[in-house]
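Residue strings, one per chain:
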Amino acid sequence: MEKKITKKDVICIICARSGSKGLKDKNILKINDIPLIAYPIIQAKKSKKVGTVLVTTDSKKIAKIAKHYGAVVPFIRPKYLAKPNSPEIYSWRHAVEFLDKKLNIKPDYIVSIPTTCPLRKVSDIDECIEKAIKNNFDIVFAITPSTRNPYFNLLEEKRGKLNILSKTGLSWNFKKKTFYRRQDTPNCFDLTTACYVFKPSYIKKTLDLFSGKVGFEKIPRDRSIDIDGPFDYKLVKFLSKKK
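Report follows, based on the coordinates. Residue positions are given per chain, counting from 1 as you read along its sequence in written order. Reporting of local features is limited, given that this is a predicted model, to residues whose pLDDT is at least 70; pairs of side-chain atoms are given and counted only at 80 or more, and all residues count toward the totals for whole chains, interfaces and linings. In computing side-chain values, all of the structure's heavy atoms are included and hydrogens and water are not.

With that settled, consider the overall build of the protein. When you go through the protein residue by residue, the secondary structure sums to eight helices and ten strands. With the radius of gyration taken over C-alpha atoms, the globule rule is written as 2.2 Å times the number of residues to the power 0.38. For the protein, whose C-alpha radius of gyration is 19 Å, the value lies close to the compact-globule estimate of 18 Å for 243 residues. When the backbone C-alpha atoms are referred to their principal axes, the protein occupies close to 55 × 50 × 35 Å. Using a 1.4 Å probe on the protein chains alone, a residue whose accessible area is under 20% of its type maximum counts as buried, one over 50% counts as exposed, and one in between counts as partly exposed. With 243 residues in all, the protein has 43% of them scored as buried. At a minimum sequence separation of 6, the contacts of the protein that also span at least 24 residues come to 71%. Shrake-Rupley sampling with a 1.4 Å probe provides the accessible areas, and residues are treated as covered by the protein chains on show and by no other component. Only carbon and sulfur atoms are counted for the fraction: they give 53% of the accessible area of the protein, which is about 13,900 Å². Numbering of helices and strands runs from the N terminus; a helix is a DSSP stretch of H or I covering at least four residues, while a strand is a stretch of E covering at least two. Residue contacts are counted whenever heavy atoms from the two residues lie within 4.5 Å of one another.

Along the chain, Leu207 falls in the loop between α7 (200-205) and β10 (214-218). Residues Leu207 and Tyr90 lie 117 residues apart in sequence; the distance between their C-alpha atoms is 9.0 Å.

Here the focus is the state of the cysteines. The disulfide criterion is simple: two cysteine sulfur atoms within 2.5 Å. Scanning all chains against the criterion turns up zero disulfides. With no disulfide of its own, Cys128 lies 3.6 Å from the sulfur of Cys195, the closest cysteine sulfur. Judged by its relative accessible area of 1%, Cys195 falls in the buried class.

Now for the layout of surface pockets. To find the voids left in a structure, one rolls a probe of water-molecule size over its atoms. In this structure, the largest pocket occupies an estimated 630 Å³ of space. A pocket here means an open set of points on a 1 Å grid, computed over the protein atoms alone, that has protein on both sides within 12 Å along at least five of seven lines. A cavity is instead a set of points where a 1.4 Å probe fits but cannot get out; residues with an atom within 4 Å of a point line either one. Lining of the largest pocket is provided by 28 residues; of these, Cys15, Arg17, Lys26, Ser86 and Glu88 occupy positions nearest its centre. Looking at the lining of the largest pocket element by element, the count peaks at four residues for helix α3 (residues 88-101). For this scheme, ten residues count as nonpolar: Ala, Val, Leu, Ile, Met, Phe, Trp, Tyr, Cys and Pro. Four count as charged, namely Asp, Glu, Lys and Arg, and the remainder, Gly too, count as polar. Within the lining of the largest pocket, the residues separate by chemical class into eleven nonpolar, nine polar and eight charged. Grid points are joined across faces, edges and corners, and a volume is the space filled by probe spheres set on the points. There is about 230 Å³ of room inside the second largest pocket. Lining the second largest pocket are 13 residues; nearest its centre among them are Tyr39, Gln43, Pro118, Leu119 and Arg120. Mapped by element, the contributors of at least two residues to the lining of the second largest pocket are α1 (38-46) and α8 (230-242). Sort the elements by how many residues they give to the lining of the second largest pocket and α1 lands first, with four residues.

What follows is about the packing of aromatic side chains. When the centres of two rings from Phe, Tyr and Trp lie within 6.5 Å, Trp using its six-membered ring, the rings pair. Their planes under 30 degrees apart give stacked, over 60 give edge-to-face, and anything left gives tilted. Throughout the structure, instances matching the rule amount to five aromatic pairs. Look at Phe141 and Tyr196: their rings are 6.1 Å apart centre to centre, the planes differ by 85°, and that puts the pair in the edge-to-face class. In this pair, Phe141 is assigned in strand β6 (residues 139-145) and Tyr196 in strand β9 (residues 189-198), connecting sequence segments 55 residues apart. Among the residues examined, Phe141 registers a relative accessible area of 2% and is labelled buried. Residues Phe141 and Phe210 carry aromatic rings whose centres are separated by 4.8 Å and whose planes lie at 15° to one another, so their mutual orientation is stacked. Note that Phe141 is positioned in strand β6 and Phe210 in the loop between α7 and β10, a separation of 69 residues in sequence. An aromatic cluster is built from Trp92, Phe141, Tyr196, Phe198 and Phe210, whose rings are joined through pairwise contacts.

Below, the structure is given as structure tokens:
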């Protein structure tokens, strides 16, 4: 009989390191008087699909805030996993290994909810989890329609010349075709940081997130804005007041 996956079988991991080049102390900046680190904690705790909410951070200050909002912080992340160029997948792996070897916890799925996309809805998280479970996906991404299209208005500079990106390295069947209207181009999407849902076993064995059985959930652009720098921060603050 196939196992029924419940809330206790899905663990949330929130990665929040202390340093940020684009926006200083980004993870503790406030929107509507709530620090960014708190948004994914609050959203995950409201989810109908998520059990334990765990924060992985190298900062005792962030850890203290996370605990205040109800997250579990079972360890302080090693510094080598909190550098500006540290791929987040290694922090996922570290958390998975800790859960397995130190706590003997083996979830069926993990949902990673970044701090930098606070306008997501709880339903976006739940729908990504539901899609992963229902289809037995290795990983599910949240995507949104792209405002720029590599077949029409994304350019590559090469030897002082500009070329439409599709002429240099995209799908072979569209490579030699010229598009005169954006509406005629292939559909393209942006990966968002709304959430990632994945099997722990999958993350342990691959560095290519698209190498397995991959699913996606579409979300509107206004819920997918990622805070990377000062402009994004101002935009999200403005939109959050409107909402």
